[in-house]
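If you want the building blocks of each chain, they are given just below.
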Amino acid sequence: MASIFTKIANGEIPSYKVASDDKHFAFLDINPVVPGHTLVIPRRESDYIFDLDDEEYTQLQLFAKRVAKAMQKALPCKRIGTAVIGMEVPHVHIHLIPLNTEGDMDFRREKLTLDNKDMADIAAAIAKEFE
Ligand code: 5GP
């Protein structure tokens with residue numbers, strides 16, 4: 001059965017899309033730690049990032065770098081943090097998080113629920129800067 005993230009990348013489950021190419025998809029985390037929290041996935045399903053072969057791993061990181069550059073331009077923040085956790089969804093994903101303080105990377109704090117318009121505006125702002 002397809003993973004929830006495969007269904008998102010295929011448009012079967014709605015998401016706030018930020019960027020995509022033929023092998024990758026980026027979208028807003030539904031419960032962000034801070035506004036703009038983005039997930040970057042390979043379209044090919046794999047559970048664990050360090051099981052990817054070198055080519056797939058490198059391409060994923062390079063795609064995530066392009067998304068991070070767009071986030072940096074679109075959102076007011078000091079830098080973009082990156083993390084891989086994968087304890088909840090068994091489909092490789094890189095978290096990209098706009099940071100103003102170290103605490104913005106704290107995954108244990110209460111997650112946010114933004115309204116639809118805010119999520120759509122943030123996704124559109126990042127998408128506009130994506131190159
Ligand atoms: P992890 O697997 O890295 O521990 O966490 C998975 C992340 O995916 C969480 O931050 C969670 O909020 C996010 N997430 C889980 N299900 C969905 C979903 O259906 N849509 C979106 N956009 N994000 C999700």
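For the structure, check the block above.
This report concerns the structure included in the present document. (Residues numbered from 1 in each chain as written. Predicted model: local features only at pLDDT ≥ 70, side-chain atom pairs only at ≥ 80, totals over all residues. Heavy atoms only, no water.)

Concerning the environment of Lys128
Next up, step 1: Assignment of secondary structure puts Lys128 in helix H3 (residues 116-129).
Next up, step 2: For the pair Lys128 and Ala74, spaced 54 residues apart in sequence, the C-alpha to C-alpha distance is 8.1 Å. (Helix = DSSP H or I, 4+ residues; strand = E, 2+ residues; numbered from the N terminus.)

Things to note about the sheet that holds strand S4 (residues 79-83)
Next up, step 1: Taking strand neighbours across the sheet as the criterion, the 5 strands line up as S1-S2-S3-S5-S4 in an open arrangement whose pairing is antiparallel. Looking along the sheet, the strands with just one partner apiece sit at the ends: strand S1 (17-20) and S4. Across this sheet, the average inter-strand angle for adjacent strands is 20°, counted without regard to direction.
Next up, step 2: Judged from the 5 bridges that link them, strand S2 (residues 24-28) and strand S3 (residues 38-42) form a sheet pairing that is antiparallel. Bridge pairing in S3 links Ala26 to Val40. (Pairing = 2+ DSSP bridges. Axes fitted to C-alpha atoms, helices over the stretch in contact; angles between N-to-C directions.)

Regarding the pairing of S1
Next up, step 1: Relative to S2, S1 is paired through 3 bridges, and the arrangement is antiparallel. Within the sheet, the bridge partner assigned to Ser20 lies in S2 and is Phe25.
Next up, step 2: From the end of S1 to the start of S2, which pair antiparallel, there are 3 residues.

Digging into the site of the ligand
Next up, step 1: The immediate surroundings of the ligand are formed by 17 residues, with Asp29, Gly86, Glu88, His93 and His95 found nearest.
Next up, step 2: One of the backbone nitrogen or oxygen atoms of Met87 is found 3.2 Å away from an oxygen atom of the ligand.
Next up, step 3: One of the backbone nitrogen or oxygen atoms of Glu88 is found 2.9 Å away from an oxygen atom of the ligand.
Next up, step 4: Considering the ligand on its own, with 530 Å² of exposed area, one finds that the protein chains cover 88% of that surface.
Next up, step 5: Counting only elements with at least two residues in the shell around the ligand, the list comes to helix H1 (4-9) and S2.
Next up, step 6: Among the elements that take part in the shell around the ligand, H1 stands out by supplying 3 residues, more than any other. (Near = heavy atom within 4 Å. Polar contact = N/O pair within 3.5 Å; in protein donor to acceptor, adjacent residues only side chain to side chain. Areas by Shrake-Rupley, 256 points an atom, 1.4 Å probe, with all protein chains shown as cover.)

Structural measurements only, silent on function.
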